Amino acid sequence: MAPTPRCPVLPDEIMEDEIFARLPAKSALGCRCLSRAWAAALSSDDFADRHHSIHGGRPKILRLQDYPYDHDQEAKLHDAGRAPPTIGIPIAITTGCFPRFITASWDPPPPAESCPTHPCLVTVQCRGLLLLELIPTEIHVLCNPSTGQKKALPEGRTTGRRRPGDAVHRYASLGLGYDARVRRHKVVRVYYYGEPDGGGRPASVGCEVYVVNGAAAESWRTVRSRPVDCWLEPYTPSAFAQGHVYWLAHRKHESPRTLEEMIIVSFSVSEETFAIVPSPPSGMDGEALNKRFCLAELAGNLCFFPGGSRGHEHRYDVWILRGYGSSAVWDLHCRIDECTASPEVNWFMRGRYNNFNRVEVIPLAIIGNGRHILLTQDDCPEDIWVYNPSTGDIEMLLDLKSGDTDNVKNVLLQIAVYEESVACLGRQPCRNIILTSSPSTQALSLVLRLLPKRTLGMLMRVCRSWRTLVAADIYHARPALELRGV
Amino acid sequence: MTAPTMTSRSPTSTQRSSPRSLSTARSTSSTSTAAAAPAEDLKSFDAEFVKVDRATLFDLILAANYLNIKGLLDLTCQTVADMIKDNTPEEIRKIFNIKNDFTPEEEAEVRKENQWAFE
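Residues numbered from 1 in each chain as written. Chains lettered and ligands numbered in written order. Predicted model: local features only at pLDDT ≥ 70, side-chain atom pairs only at ≥ 80, totals over all residues. Heavy atoms only, no water.

## Digging into the overall build of chain A
So the rule is basically this: Under the DSSP-based scheme used, a helix requires at least four consecutive residues in state H or I and a strand at least two consecutive residues in state E, with every element numbered from the N terminus. Relative accessibility decides the category of a residue: with a 1.4 Å probe and only protein chains considered, values under 20% of the type maximum give buried, values over 50% give exposed, and everything between is partly exposed. Values of accessible area rely on a 1.4 Å probe in the Shrake-Rupley scheme; residue burial ignores everything except the protein chains shown.
For chain A, the helix and strand inventory stands at 11 helices and 27 strands. Expressed as a percentage of the 486 residues in chain A, the buried residues total 51%. Accessible area of chain A: about 22,500 Å², with a carbon and sulfur share of 53%.

## Topic: the pairing of strand β1 (residues 60-65) of chain A
Residues and elements named next belong to chain A. Inclusion rule: Two strands qualify as a pair provided DSSP detects at least 2 bridges between them.
Taken across its six residues, β1 has five buried, putting it largely inside the fold. Pairing of β1 with strand β27 (residues 412-418) involves six bridges; the strand directions are antiparallel. Residue pairing across strands places Q65 opposite L412, the latter belonging to β27. Sheet topology note: the β1/strand β2 (residues 91-94) ladder contains four bridges and is parallel. Within β2, the position partnered with L62 by the bridge is I91.

## Focus on the side chain of S266 of chain A
We count it as follows: The criterion used for residue contact is that any of the two residues' heavy atoms lie within 4.5 Å.
Mapping S266 of chain A onto the fold places it in strand β16 (residues 262-268). Contacts of S266 of chain A, omitting those with residues within four sequence positions, involve H244, V245, Y246, T273, F274, A275 and V277 of chain A.

## Structural notes on the confidence of the model for chain A
Residues and elements named next belong to chain A. Rule in force here: One number per residue, pLDDT, summarises how confident the predictor is, and it ranges from 0 to 100.
When the pLDDT values of chain A are averaged, the result is 77; 74% of them are 70 or greater. The model gives residues 429-435 a pLDDT under 50, and that stretch makes 14 contacts with residues more than four places away or in other chains. Ignoring residues within four places in sequence, the model shows residues 477-486, a span with pLDDT below 50, making 15 contacts including any to other chains.

## Points about the pattern of salt bridges
Keep this limit in mind: Salt bridges are identified by distance alone: a Lys or Arg side-chain nitrogen within 4 Å of an Asp or Glu carboxyl oxygen.
Here the structure, examined in full by the defined rule, presents 22 salt bridges over all chains. Between D317 of chain A and R335 of chain A there is a salt bridge, and its shortest N-O distance comes to 2.6 Å. Pair noted here: D317 of chain A is in strand β21 (residues 313-322) and R335 of chain A is in strand β22 (residues 329-337), with a separation of 18 residues, a long-range link. Judged by its relative accessible area of 37%, R335 of chain A is partly exposed. Each of E18, R22 and R50 of chain A together with K70 and D74 of chain B takes part in salt bridges that share partners, so that together they form one network.

## Quick word on the interface of chain B and chain A
What counts here: Here's the idea: put two parts together, see how much 1.4 Å probe accessible area each one loses, and the total over both is what we call buried area. We define a polar contact as two N or O atoms separated by no more than 3.5 Å, with the added condition that, inside protein, one atom must be a possible hydrogen donor and the other a possible acceptor, whereas residues neighbouring each other in sequence contribute only through side-chain atom pairs. Throughout, the ten residues Ala, Val, Leu, Ile, Met, Phe, Trp, Tyr, Cys and Pro are labelled nonpolar, Asp, Glu, Lys and Arg are labelled charged, and all others, Gly among them, are labelled polar.
Taken residue by residue, the interface counts 45 residues in chain B and 45 residues in chain A. Contact between chain B and chain A buries roughly 4,100 Å² in total, counting both sides, with carbon and sulfur atoms accounting for 66%. Applying the counting rule to chain B against chain A returns two salt bridges. A salt bridge links E106 of chain B to R36 of chain A; the shortest N-O distance between them is 2.7 Å. Applying the counting rule to chain B against chain A returns six residue pairs in polar contact (both at pLDDT 80 or more). For the side of chain B that touches chain A, the secondary structure elements donating two or more residues are α3 (54-67), α4 (70-84), α5 (89-96) and α6 (104-113) of chain B. A total of eight residues in the side of chain B that touches chain A trace back to one element, the largest contributor, which is α4 of chain B. Across the side of chain B that touches chain A, the residue classes tally to 21 nonpolar, nine polar and 15 charged.

## Focus: the sheet that holds strand β26 (residues 393-399) of chain A
Residue and element names in this part refer to chain A. For the record, the criterion: Inter-axis angles, ranging from 0 to 180 degrees, are taken between N-to-C directions of lines fitted to C-alpha atoms, where helices are fitted over the stretch in contact.
If you trace the four strands from one edge of the open sheet to the other, you get β23-β24-β25-β26, paired in antiparallel fashion. The two strands at the open ends of the sheet, each matched to only one other strand, are β23 (361-367) and β26. Between one strand axis and the next, the sheet turns through 30° on average, direction left out of account. Relative to strand β24 (residues 372-377), β23 runs antiparallel, the two sharing six bridges. Bridge assignment links I367 to a residue of β24, and that residue is H372.

## What to know about the nonpolar core
Rules: As used in this record, nonpolar core signifies buried Ala, Val, Leu, Ile, Met, Phe, Trp, Tyr and Cys residues forming a set joined through side-chain atoms within 4.5 Å.
Judged by nonpolar contacts, the single largest core of 37 residues is most densely connected at F20 of chain A together with F96 of chain B. Of all elements in the fold, only α1 (12-19), α2 (25-30), α3 (36-42) and α4 (45-55) of chain A together with α3, α4 and α5 of chain B reach the threshold of two or more residues within this core.

## Focus on the environment of A40 of chain A
Secondary-structure assignment places A40 of chain A in helix α3. For A40 of chain A and V329 of chain A, which are 289 residues apart along the polypeptide, the C-alpha to C-alpha distance reads 42 Å.

## Describing the packing of aromatic side chains
All names here are of chain A. Selection criterion: Whether two aromatic rings pair depends on their centres lying within 6.5 Å, for rings of Phe, Tyr and Trp, where Trp uses its six-membered ring; planes under 30 degrees apart make the pair stacked, over 60 edge-to-face, and the rest tilted.
With the rule as written, the count across this model stands at 11 aromatic pairs over all chains. With 4.8 Å between their ring centres and 90° between their planes, F20 and W38 make a pair best called edge-to-face. Taken together, the residues F20 in the loop between α1 and α2 and W38 in helix α3 connect sequence positions 18 residues apart. Relative to W231, the ring of Y192 has its centre 4.3 Å away and its plane inclined at 40°; by these criteria the two rings are tilted.

## Examining the sheet that holds β27 of chain A
Residues and elements named next belong to chain A. Read across the sheet, three strands follow the order β2-β1-β27 without closing on themselves; strand pairing throughout is mixed. Two strands in the sheet have a free side with no partner beyond their single neighbour: β2 and β27. Recorded for the sheet is a direction-independent mean angle of 25° between the axes of neighbouring strands.

## Observations concerning the packing of α3 of chain B against α4 of chain B
Residue and element names in this part refer to chain B. Quick reminder of the rule: Crossings are assigned a handedness: left-handed for a near helix turned anticlockwise from the far helix by less than a right angle, right-handed for a clockwise turn.
As a packed pair, α3 and α4 sit with axes 9 Å apart at the nearest point and diverge in direction by 145°. As α3 runs across α4, the sense of the crossing is left-handed. Mapping the contact onto sequence places R54, L57, F58, L60, I61, A64 and N65 in α3 and L72, L73, T76, C77, T79, V80 and M83 in α4. In terms of residue class, the contact of α3 with α4 is built from 10 nonpolar, three polar and one charged.

## Side note on the confidence of the model for chain B
All names here are of chain B. The predicted model of chain B averages 77 in pLDDT, with 66% of residues at 70 or higher. Confidence over residues 2-11 falls short of pLDDT 50; this stretch has 14 contacts with residues more than four positions distant or in other chains. Across the assembled chains, the prediction reports ipTM 0.75 with pTM 0.79.

## Quick look at unusual backbone geometry
All names here are of chain A. Positive phi, normally seen in glycine, also occurs at R127, with a value near 50°. Summarising the element assignment, R127 is placed in the loop between β5 (118-121) and β6 (130-135). Positive phi, normally seen in glycine, also occurs at N213, with a value near 55°. Relative to the helices and strands, N213 resides in the loop between β11 (202-211) and β12 (221-222).

## Here we look at the packing of α1 of chain A against α4 of chain B
In a packed pair of helices, the relevant descriptors are the angle between the two axes and the axis-to-axis distance. Definition in use: Convention used here: angles under 35 degrees read as roughly parallel, angles over 145 as roughly antiparallel, angles from 65 to 115 as roughly perpendicular, and any remaining angle as oblique.
With their axes 10 Å apart at the nearest point, α1 of chain A and α4 of chain B run at an angle of 80° to one another. Comparing the axis directions of α1 of chain A and α4 of chain B gives the class roughly perpendicular. In this structure, α1 of chain A contributes I14, E18 and I19 of chain A to the contact, and α4 of chain B contributes L73, D74, C77, V80, A81 and I84 of chain B. Counted by class, the contact of α1 of chain A with α4 of chain B contains seven nonpolar, no polar and two charged residues.

Shown next, in the form of structure tokens:
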């Protein structure tokens, strides 16, 4: 429509607060190209808050996938009926989005292998951002799925030495939270170091915090408070709700053979202090210790979801923590019990192939003003279901395997929930280090690029600064490596 | 940011759009006091209501803002947001009469910052 002479001009407040704030995050940030004043207005914290007030609490689905991005599959999901209006079309992050990992090879002459890294969810989404770890490296990547921005975090302090033959054990747990006082996201890292205790794990614990897009230096800052006498569970994603980050943890016992009691540890993002949260009643007793627990964020509150069987029963309890601090109270939101549930629920709990190994189920989000819960499978999810606690009805909302053909089977690693968010991740740190460092470091970086690729794994073991330089090159300047014929 | 023109409290735009917006306000509030109208009927009424040319849409926004009718403001602004969601910056500047004061280098820099993608 061409502008007519009498087309009115809208005032800036309406444009910013009502129109631009309703745009999806990528379009809203794209409007920074309009003029200098809009570039400043749309980068401000006030606009981020306004955008979040409109888009927060509207969950969207993210697929973490093992194959390169498939446009055809995306087109199939666009078909009518495949994109439910409540959650929209799921977007995908694939292993192809991240650089490959150069494995160290001490034995000449075979060249070092480059293997794909697999993104794995470390935290539940927090105001549109989430944290991934690139398995098998220990590189953590902060990403904003709604804008596509991603950023590798700097390396934290060294953790304890891995036990021999224990290639996968992790001694650091990360959490992502939002500090409303400074209006910034913070990543908190709890790491275990030092000599092993009686149980074979490093005995000392430390804690550090990284402020995302902060004014201060791009590095970790040590925090005095730390979780005492407990061992944070490193493989379960942490969750953020009500200004606190929550992890599952084991309480340490003197005797290493005692079954460790499971608790929930909280970290206040603004105060930067740790506390223990009492577990829900009949939540985590000894009998259930072998089962899979998970934490999630549902409608702004922490959700504790112990799955598993007791004897022949199989049920899921959805516990919600209302409030925070000393006034926090656990509330059993609903219970999905195999014995009393409908046949559709039983079919869902058994999985697509109806075998007798039950599928581990996790909750994703609460939608429809608290009336429905979104559920999916934990490992290699296949579909998303919506469950109504008051009627006990369940139905499939989205079939994620519908795009598969016999030739292309996209392996879904995980499903996550995110929100539209204009949160900015700040500048890439490694590039700045190289650009602003001394001439000798810049010269070294040029020399390292000329060396053959098979030696990169060995070069990364020389010292920490060389490892940073090589990793920065790999992460940002891979075309440069390839052009020089290495 | 925009070329100086009439303010949001312009009586002219309100006079033009007031009859339409006032009748909407009356019809939606009367249906809420009576037996609740089906949600689909209200949704299709809303969708039909905003099928107007851009000038009228903008007048409705200004009127809703001046008369403080939240539901109408939400509906009209969401319509405009959906309209411009996939537009280029140049098209958006034309719609809202925004003057581009970037140098070409600055504009390229800002565009580059938005080039993230997962593909």
